[in-house]
Protein chains: 2
Amino acid sequence: MKVHIPKKQLAEGLSHVERVIPTRSSNPGLSLLKLELSGGQLIFCGSNLDMDIRAELDTEIEAQESYAVPAHVFAQVVKFLPGEVVELEFGAKELEISSGTYTTKLQLDEVSSTPEFSFPQSYAGQLDGQRLAKALSNVRYAAAVAEYQAIFRGVKLEFNDKSTRAVATDGFRLAYYDIEEASGLEADIVIPARSVDEMIKLLEAGTAELELSDSQLSLKSGPYALNLKLMEGAFPDYERVIPSAFGVNITVGAKALSEAVTRVALMADKTSNNRVDLFIKEGVLQITSEGSFGRSQEALEVMQEGEESEIALAYNAQYLVDALRPLEGEMRFSFSGTTSPSLVVGINEPSYLAMVVPLRTN
Amino acid sequence: MKVHIPKKQLAEGLSHVERVIPTRSSNPGLSLLKLELSGGQLIFCGSNLDMDIRAELDTEIEAQESYAVPAHVFAQVVKFLPGEVVELEFGAKELEISSGTYTTKLQLDEVSSTPEFSFPQSYAGQLDGQRLAKALSNVRYAAAVAEYQAIFRGVKLEFNDKSTRAVATDGFRLAYYDIEEASGLEADIVIPARSVDEMIKLLEAGTAELELSDSQLSLKSGPYALNLKLMEGAFPDYERVIPSAFGVNITVGAKALSEAVTRVALMADKTSNNRVDLFIKEGVLQITSEGSFGRSQEALEVMQEGEESEIALAYNAQYLVDALRPLEGEMRFSFSGTTSPSLVVGINEPSYLAMVVPLRTN
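Values in this document were obtained by computation on a predicted structure and should not be read as measured data.

Caption draft 1: Fine view of the overall build of chain A. The number of helices and strands found in chain A is six helices and 25 strands. Projected onto the principal axes, the alpha-carbon positions of chain A cover approximately 80 × 50 × 35 Å. Across the 362 residues of chain A, 55% fall into the buried class. Once local pairs closer than 6 in sequence are excluded, the contacts in chain A between residues at least 24 apart make up 65%. For chain A, the exposed surface amounts to about 16,400 Å²; the carbon and sulfur share of it is 45%.

What follows is the structure in structure tokens.
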């Protein structure tokens, strides 16, 4: 059985599938790539147990066969092929990969060693792929890296009949992003942040199809399909802690503020909480920091509003910089005291909201 | 004492000096940057004991003072400064760094804690900086990473009255590159490969000035000066082992051969010796490899000469690829059996010679 495929297409499809497949695993079957010839297509499947991935490529032949090869070796061979077209010849024990004057005979593994793959036949929901990718990538930073509650290491997706929201929080900060587009699904789900990273890379311009079952979200975007295992447990009731009244509001350029905080924080003590102090009065935001090497400061003119004439707060500089990264242009920064979270909202990007809890300074 | 300096110049100078200065050291004085105001210049010095580095920047003021600051913190602050001009104000205990609306007060350290720096007043030799950089970067790969004889971890420079040669070898391969330019020095020296890496980065278009003392090579290139500690011990008498008669010679494109070897070696066993086999007969070079995943092959047409009609040899694929990297266009590959080194010479780059010892296959 011979198949001819353009090298570029094959290499691109494989690179996405390969990224999911673990390089080392106690389960040797997980390191395999399943190759299926079916319905005029060559289909690759791989898994890391949290996530199954499938890529499909159109071919010129009709057949119904399955094979298994070591995923990373196969992907390396394809990446380095000299020609523009690859010939794959499936034998009884070997897959012969030829291109130009180069030939590799790769030993086939048992198909029965690969994980079971089952992707949906139909998808009930859909969203614009680029908008979903933007929502996820704007909030993903706020998920916890290591936390006693596993649920903080996930990103929540809230599907309702009017819109879709992505939310992440680690308990000290929170970010959400709203897409004013109904997906056709109605559910709240939480996806592991690592799976979200892969999801973002596969979402393309055009429609992303979505399907939910009890324990997984399935997603189809162009030639790629993903099954993502959902997280169990209760996501915190974050809306309850978003303050509604603020003593001081300022309007300032997001990039200018982020750069100033980064510079001033160079003197902050990295091993403790990377503290920067903000003091706002008479339309001037004074940023200061102090550590074992010295101290630094910068002043920005801002538009100041609100009932209180001044406010002093301290933050983890990295949390501020992370919260501002998704924003371009002017933003509103709202403060309601040292014990209540501060709010960041983009003036031109009102779909995004970030919340940062100030450091306790006394 | 105030000094004004363009940020770009200051950041560039600091980035080179900072790279040499260790981020951690059991000797805290080594983490310091020495700042000298002298002769209308601001001079930075740093050291990692194997190497001292100095950068000089022209300033508008005449003064004669010395200061010390933590090198990496200072370099970070300068890198993130907002404006195009930096003001440095040296006080009794602090260095105030200002640019735009940003100010940092960095605590000064004791100048007496910094290493002693002594750069030559005059340089006896000189070479074109770019040619010297090319010679060093073309052979540096052949130096040993870890070897029982420390001398293999160095690069040898042979200065004579007609030319200059850079040589490196790890005992299994060797590379040299000749510059047809006398430096004015006559000596053979060996420089640690790590110091060579820094040297390459600092060599610029124009003249590199050279000065030798018993235990160090000093080098001046543009605004930078380096003192490089030399290695002790006898460098191997490599010319003795370069064969002069060859049974088979081939002419082949260096890039085509390197790419074919890389592809075929994907099947080679990385954990053993990454073996590829070469078989030359009737103007065809057949490259093959075999490992636990399968086997691969590629054939290249070559121009074949020599007394013998065919030859079969095996190599560590990485050694071949490394040996070919400096070459563009056609190269001559010469073989004199399985127990004698093979030779690589560029047709358009005869200054470069590489020698690779074949694997013992029986």
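Now that the structure has been shown, we can carry on.
Caption draft 2: Region of interest: the interface of chain A and chain B. Contact with chain A, which involves 28 residues of that partner, is made by 28 residues of chain B. The contact between chain A and chain B buries some 2,500 Å² in all, and 58% of this surface belongs to carbon and sulfur atoms. Of all residues in chain A, Arg263, Phe293 and Arg295 of chain A give up the largest surface area on contact with chain B, accounting jointly for 23% of the area buried on that side. Counting the contacts that link chain A with chain B gives two salt bridges. For glutamate 94 of chain B, the salt bridge identified is with arginine 295 of chain A, shortest N-O distance 2.8 Å. Across the chain A-chain B interface, the total number found is 14 residue pairs in polar contact (both at pLDDT 80 or more). Broken down by secondary-structure element, the contributors of at least two residues to the side of chain A that touches chain B are helix H2 (71-79), strand E8 (102-107), helix H5 (254-264) and strand E20 (294-301) of chain A. Across the side of chain A that touches chain B, the residue classes tally to 13 nonpolar, ten polar and five charged.

Caption draft 3: Just the sheet that holds strand E3 (residues 41-47) of chain A, in detail. Residues and elements named next belong to chain A. Ordered by their spatial adjacency, eight strands build an open sheet running E5-E2-E3-E4-E16-E15-E14-E9, and the pairing between neighbours is antiparallel. Two strands close off the open sheet at either side, each with one partner strand: strand E5 (64-70) and strand E9 (125-128). Neighbour-to-neighbour, the strand axes of the sheet open up by a mean angle of 20°, direction not taken into account. Summarising the sheet, strand E14 (residues 207-212) and strand E15 (residues 216-221) pair through five bridges and their orientation is antiparallel. Bridge assignment links leucine 210 to a residue of E15, and that residue is leucine 219.

Caption draft 4: The arrangement of the nonpolar core in detail. Core analysis: the largest hydrophobic core is formed by 207 residues, its most contacted members being Phe44, Phe74 and Met199 of chain A together with Phe44, Phe74 and Met199 of chain B. Ignoring anything within four residues of it in the chain, the contact list for phenylalanine 44 of chain B reads Leu10, Leu14, Val17, Leu33, Lys34, Leu35, Ile53, Arg54, Ala55, Leu57 and Phe74 of chain B.

Caption draft 5: Examining the sheet that holds strand E13 (residues 187-192) of chain B more closely. Residues and elements named next belong to chain B. Taken in spatial order, the nine strands of this open sheet run E13-E10-E11-E12-E25-E24-E23-E17-E21, and their pairing is antiparallel. At either end of the open sheet lies a strand with only one pairing partner, and these are E13 and strand E21 (303-305). Adjacent strand axes in the sheet meet at a mean angle of 20° when their direction is disregarded. In this sheet, strand E25 (residues 352-356) lies alongside strand E12 (residues 173-179) in antiparallel orientation, the contact comprising five bridges.

Caption draft 6: Representation of the relation of the copies chain A and chain B. Taken as rigid bodies, chain A and chain B are interconverted by a rotation of 180° and an axial shift of 0.0 Å, the fit giving an RMSD of 0.0 Å. On the angle and the small slide along the axis, the relation comes out as a two-fold axis. The rotation axis passes nearest to the C-alpha of threonine 23 of chain A in chain A, at a distance of 16 Å. Counting the interface residues of chain A, we find that 100% of their copies in chain B are interface residues as well, pointing to one common contact surface.

Caption draft 7: The arrangement of helix H6 (residues 317-324) of chain B in detail. Residues and elements named next belong to chain B. Burial analysis of H6 places seven of its eight residues in the buried class, the great majority of the element. Where H6 is concerned, the buried positions are Ala317, Tyr319, Leu320, Val321, Asp322, Ala323 and Leu324. Where H6 begins, the side chain of asparagine 316 points an oxygen toward the backbone nitrogen of glutamine 318, at a separation of 2.9 Å.

Caption draft 8: Looking closely at the pattern of salt bridges. All names here are of chain A. Under the defined criterion, the tally for this structure stands at 44 salt bridges over all chains. Ionic pairing is found between aspartate 277 and arginine 275, a salt bridge with its closest N-O pair at 2.8 Å. For aspartate 277, a relative accessible area of 23% gives the class partly exposed. Several salt bridges share partner residues, and in doing so they unite Asp170, Arg173, Asp322 and Arg325 into one network.

Caption draft 9: Examining the packing of helix H1 (residues 7-20) of chain B against helix H2 (residues 71-79) of chain B more closely. Residue and element names in this part refer to chain B. Between H1 and H2, the shortest axis-to-axis distance is 9 Å and the interhelical angle comes to 150°. The orientation of H1 relative to H2 falls into the category roughly antiparallel. Where H1 crosses over H2, the handedness of that crossing is left-handed. Taken together, the residues of H2 that come into contact with H1 (itself represented by Lys7, Leu10, Ala11, Leu14 and Glu18) are His72, Phe74, Ala75, Val78 and Lys79.

Caption draft 10: Examining the environment of valine 85 of chain B more closely. Residue and element names in this part refer to chain B. Within the fold, valine 85 resides in strand E6 (residues 85-90). In sequence terms valine 85 and glycine 253 are 168 residues apart; their C-alpha atoms lie 50 Å from each other. Setting aside residues up to four positions removed in sequence, valine 85 forms contacts with His4, Ile5, Pro6, Lys7, Ser98 and Ser99.

Caption draft 11: The arrangement of the side chain of glutamate 298 of chain B in detail. Secondary-structure assignment places glutamate 298 of chain B in strand E20 (residues 294-301). A residue is classified by how much of its surface remains accessible, and glutamate 298 of chain B, at 2% relative accessible area, is buried. Of the polar contacts made by the side chain of glutamate 298 of chain B, one reaches the side chain of threonine 101 of chain A; its length is 3.0 Å. Excluding anything up to four places from it in sequence, glutamate 298 of chain B contacts Pro82, Thr101 and Tyr102 of chain A together with Ala260, Arg263, Val264, Leu285, Gln286 and Ile287 of chain B.

Caption draft 12: Here's a closer look at H1 of chain B. With 14 residues, H1 of chain B extends 20 Å from end C-alpha to end C-alpha; this agrees with the ideal 20 Å at 1.5 Å per step. Buried within H1 of chain B are the following residues: Lys7, Leu10, Gly13, Leu14, His16, Val17 and Val20 of chain B.

Caption draft 13: Fine view of the packing of helix H3 (residues 129-139) of chain A against helix H4 (residues 193-202) of chain A. All names here are of chain A. Where H3 contacts H4, the two axes come as close as 9 Å, and the packing angle between them is 145°. As H3 packs across H4, the resulting crossing turns out to be left-handed. Here Leu132, Ala133, Leu136 and Ser137 of H3 lie close against H4, whose contacting residues are Val196, Met199 and Ile200.

Caption draft 14: Spotlight on the packing of aromatic side chains. Applying the stated rule across the entire model yields twelve aromatic pairs over all chains. On the basis of an interplanar angle of 35° and a centroid distance of 6.0 Å, the ring pair of tyrosine 315 of chain A and phenylalanine 333 of chain A is categorised as tilted. Linking tyrosine 315 of chain A in strand E22 (residues 310-316) with phenylalanine 333 of chain A in strand E23 (residues 330-335), this pair joins segments that are 18 residues apart in sequence. With a relative accessible area of 0%, tyrosine 315 of chain A lands in the buried category. For the pair tyrosine 176 of chain B and tyrosine 238 of chain B, a centre-to-centre distance of 6.3 Å together with 55° between the ring planes defines the contact as tilted. Linking tyrosine 176 of chain B in strand E12 with tyrosine 238 of chain B in the loop between strand E16 (224-229) and strand E17 (248-253), this pair joins segments that are 62 residues apart in sequence. Classification of tyrosine 176 of chain B as buried rests on a relative accessible area of 12%.

What counts and how
Residues numbered from 1 in each chain as written. Chains lettered and ligands numbered in written order. Predicted model: local features only at pLDDT ≥ 70, side-chain atom pairs only at ≥ 80, totals over all residues. Heavy atoms only, no water. Helix = DSSP H or I, 4+ residues; strand = E, 2+ residues; numbered from the N terminus. Buried < 20%, exposed > 50% of the residue type's maximum accessible area, 1.4 Å probe, protein only. Contact = heavy atoms within 4.5 Å. Areas by Shrake-Rupley, 256 points an atom, 1.4 Å probe, with all protein chains shown as cover. Buried area = accessible area lost by both parts, 1.4 Å probe. Salt bridge = Lys/Arg side-chain N within 4 Å of Asp/Glu carboxyl O. Polar contact = N/O pair within 3.5 Å; in protein donor to acceptor, adjacent residues only side chain to side chain. Nonpolar A, V, L, I, M, F, W, Y, C, P; charged D, E, K, R; others polar. Pairing = 2+ DSSP bridges. Axes fitted to C-alpha atoms, helices over the stretch in contact; angles between N-to-C directions. Core = buried A, V, L, I, M, F, W, Y, C linked by side-chain atoms within 4.5 Å. Least-squares fit on C-alpha atoms with pLDDT ≥ 70 in both. Parallel < 35°, antiparallel > 145°, perpendicular 65-115°, else oblique. Left-handed = near helix turned anticlockwise from the far one by under 90°. Expected span 1.5 Å × (residues − 1). Phe/Tyr/Trp six-rings, centres within 6.5 Å; stacked < 30°, edge-to-face > 60°.

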